[in-house]
Amino acid sequence: MSDSRADFLAAARAAEQLLRVPEVAEAWRRPSALAEWSVGGLAGHLAFQVLCVSEALAAAPPTETTIGLLDHYARVAWVGAELDADINVRIRQGSEAFAADGPAALHRRVDAAVAELTTALAAADGTRPARLPFWGPWSLTLDDLLATRTMELAVHADDLAVSVGVPTPGLPPETADSVAALLARLAVRRHGWVGVLRALSRAERAPGSIAAF
């Protein structure tokens, strides 16, 4: 199994374990740590990062252009969009709908998907094209698609854990390294190499932020 697949499954299992903690169910209808998101909607968004991979694997391989990982982030509409931009409103609404059946049902779906994907990804070709339905007219390799989902799982697991007052799920060191590497590459793309260098090495010259998004 490639590293991208092992990393994704590690992050998916951590998300599945977080979705089952009672604090998530208890806070389901409360506001989350993210503006305009409920805890349930955020849980739905976290779950989607697992369930959408099952959909991508089940679909026929797309035939449009396959692009690189950083090119993907240069094209997606949500990067840099305002909170009330149409793309972000649609993401929030879709996530709320995804969680509409409640915490127990959502957890069961994720638990089943993780079990299925553990077998399916072991047999999958990481170089095959794959895409998600809401992307534009482009695809990624399966391994690159999994890298995007692993990062999303790590970031939104932290969001959800903070929202309900539980520890952020841990990840294996190699998975944490892959998430950090992708976020660092995106930070360099946004802020430039020198700003990221200084933020990581020289507190006295660090810029105010090197956030990837």
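Relevant structure appears above.
Overview of the structure.

Criteria and thresholds
Residues numbered from 1 in each chain as written. Predicted model: local features only at pLDDT ≥ 70, side-chain atom pairs only at ≥ 80, totals over all residues. Heavy atoms only, no water. Phe/Tyr/Trp six-rings, centres within 6.5 Å; stacked < 30°, edge-to-face > 60°. Buried < 20%, exposed > 50% of the residue type's maximum accessible area, 1.4 Å probe, protein only. Helix = DSSP H or I, 4+ residues; strand = E, 2+ residues; numbered from the N terminus. Contact = heavy atoms within 4.5 Å. 1 Å grid on protein atoms, 1.4 Å probe; cavity = no way out; pocket = protein on both sides within 12 Å on 5 of 7 lines; lining within 4 Å. Points joined across faces, edges and corners; volume = space filled by probe spheres on them. Nonpolar A, V, L, I, M, F, W, Y, C, P; charged D, E, K, R; others polar.

### Topic: the packing of aromatic side chains
Scanning all chains against the criterion turns up four aromatic pairs. Aromatic side chains tyrosine 73 and tryptophan 78 sit 6.4 Å apart centroid to centroid with 90° between the ring planes, which places their arrangement in the edge-to-face category. Using a relative accessible area of 1% as the deciding quantity, one classes tyrosine 73 as buried. Look at tryptophan 78 and you get partly exposed, because its relative accessible area is 25%. Between tyrosine 73 and phenylalanine 213, the ring centres sit 6.0 Å apart and the planes meet at 45°, which makes this aromatic pair tilted.

### Describing the side chain of serine 4
Considering the arrangement of structural elements, one finds serine 4 in helix 1 (residues 3-19). With a relative accessible area of 16%, serine 4 lands in the buried category. What serine 4 contacts, discounting residues up to four positions off in sequence, is Asp143, Leu146 and Thr150.

### Things to note about the layout of surface pockets
Space inside the largest pocket adds up to approximately 1000 Å³. As for the largest pocket, its lining consists of 38 residues, and the residues nearest its centre are His45, Trp78, Asn88, Ile91 and His156. At the level of elements, helix 3 (39-58), helix 4 (69-75), helix 5 (86-98) and helix 7 (142-164) are the ones that each hand at least two residues to the lining of the largest pocket. Residues that form the lining of the largest pocket fall into these classes: 22 nonpolar, ten polar and six charged. In this model, the second largest pocket occupies a volume close to 160 Å³. Looking at side-chain class alone, the lining of the second largest pocket contains seven nonpolar, three polar and three charged residues.

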